[in-house]
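If you want the building blocks of each chain, they are given just below.
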Amino acid sequence: MSSYTSISSEKLSRLIGTAKAPTLVDVRIDEDFTADPRLIPGAIRHSHLEVQDWAPRLSGQSVVVICQKGQKLSEGTAAWLRCGNIAAEVLEGGHLAWKAAELPTVPADRIPKRDGRGRTVWVTRARPKIDRIACPWLIRRFVDPAAVFLFVTSAEVEAVAERFDATPFDIESVFWSHRGELCTFDVMVREFGLSTPALERLATMVRAADTARLDLSPEAAGLLAASLGLSRMFDDDLEQLSAGMLLYDAFYRWCRDATRETHNWPTSKVKP
């Protein structure tokens, strides 16, 4: 049974992908990480030996610490964090328990290089509609909660990527883009190892709305309408992204938890 300083894989898996997800810190030693270079979605690696150096950056956050077995490294690191008034828990059973539960993990070599502040930086075309809002949502919820997104004119995306050491996406001839019938969101779900039933359902919705194949998903027309409406509401792409995060949070929770739920208007009794 979980204690107040630990969390189960099952409970953590329900938090990942939501706005209330804790910050995840992977403190496995290099030997263990090299043997399995994959991360729990959203986790970032830190050395337990340097906890006093990186801990201040987590001030005010809820943290879950992950080591190989959920023992000494995570226990000690979490204890140090709590000494700094940071709410810190240990993942019960560590990375091995997460794997045993057959929960998704992200291959570390698919995550772009981080900047000096530990963030991944991405760049794409300005005036996003569907794919270019859905992909940032996926990255922030499942890959890098601190990810930075640059929206620039189409002709300058690749040059900005080169000059600012950013990763381009959703443009032609780059890794993170459409492939055949798949849209960029599909590609990211698969390349990041996130092919859960909920995200596959959401990916179908995004693909249908983004490629004008609304027959693929009954919900796609609603996603398309909401996306185009947001694009008319906001001139600032970052403000639109912020609003779109809530939109995709809602669609994801429906895909995960509420696909069988219906809303029936109560019948009224008419007096004779």
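Our subject in this report is the structure included herewith. Every value quoted in this text rests on a predicted model; they were computed, and no experiment measured them.

## As for the pattern of salt bridges
For the structure shown, the criterion picks out 17 salt bridges. In this structure, Arg-114 and Asp-144 form a salt bridge, with 3.4 Å as the shortest nitrogen-oxygen distance. Within this pair, whereas Arg-114 is found in the loop between strand S7 (106-107) and strand S8 (121-125), its partner Asp-144 is found in the loop between helix H6 (131-142) and strand S9 (148-152), the two being separated by 30 residues in sequence. Salt-bridge contacts for Glu-181 lead to Arg-213; the nearest nitrogen and oxygen are separated by 3.6 Å. Within this pair, whereas Glu-181 is found in the loop between strand S10 (167-168) and helix H8 (184-191), its partner Arg-213 is found in the loop between helix H9 (197-210) and helix H10 (220-233), the two being separated by 32 residues in sequence. Relative accessible area serves as the criterion here: at 24%, Arg-213 is assigned to the partly exposed category. The network of salt bridges with common partners includes Arg-14, Arg-253, Arg-256 and Asp-257.

## Focus on the packing of H8 against H9
Packed helices, taken two at a time, are described by the angle between their axes plus the distance between the axes. Here H8 crosses H9 at 160°, and the two axes come no closer than 8 Å. Taken together, H8 and H9 sit at an angle that is classed as roughly antiparallel. The hand of the H8/H9 crossing is left-handed. Touching Phe-185, Asp-186, Val-189 and Arg-190 of H8 are Leu-199, Glu-200, Leu-202, Ala-203, Val-206 and Arg-207, all from H9.

## A short note on the nonpolar core
In terms of nonpolar packing, the biggest core is built from 55 residues, with Trp-137, Phe-185, Leu-202 and Tyr-248 touching the most fellow members. At the level of elements, strand S5 (62-66), H6, S9, H8, H9, H10 and helix H11 (237-257) are the ones that each hand at least two residues to this core.

## Regarding H9
Along its 14 residues, H9 runs 20 Å from first to last C-alpha, staying within 8% of the 20 Å computed at 1.5 Å per residue. Considered for burial, the residues of H9 that qualify are Ala-198, Leu-199, Leu-202, Ala-203, Met-205, Val-206, Arg-207, Ala-208 and Ala-209. For H9, the secondary structure elements touched by its buried residues are H6, H8, H10 and H11. Ala-212 lies just past H9 and shows a positive phi near 60°.

## Focus: the state of the cysteines
For the structure on display, the rule yields 0 disulfides. Between Cys-83, a cysteine without a disulfide, and Cys-67, which holds the nearest cysteine sulfur, the sulfur-to-sulfur distance is 18 Å. With no disulfide of its own, Cys-135 has Cys-183 as its nearest cysteine by sulfur position, at a separation of 6.7 Å. Look at Cys-135 and you get buried, because its relative accessible area is 0%.

What counts, and where the lines are drawn
Residues numbered from 1 in each chain as written. Predicted model: local features only at pLDDT ≥ 70, side-chain atom pairs only at ≥ 80, totals over all residues. Heavy atoms only, no water. Salt bridge = Lys/Arg side-chain N within 4 Å of Asp/Glu carboxyl O. Helix = DSSP H or I, 4+ residues; strand = E, 2+ residues; numbered from the N terminus. Buried < 20%, exposed > 50% of the residue type's maximum accessible area, 1.4 Å probe, protein only. Axes fitted to C-alpha atoms, helices over the stretch in contact; angles between N-to-C directions. Parallel < 35°, antiparallel > 145°, perpendicular 65-115°, else oblique. Left-handed = near helix turned anticlockwise from the far one by under 90°. Contact = heavy atoms within 4.5 Å. Core = buried A, V, L, I, M, F, W, Y, C linked by side-chain atoms within 4.5 Å. Expected span 1.5 Å × (residues − 1). Disulfide = S-S within 2.5 Å.

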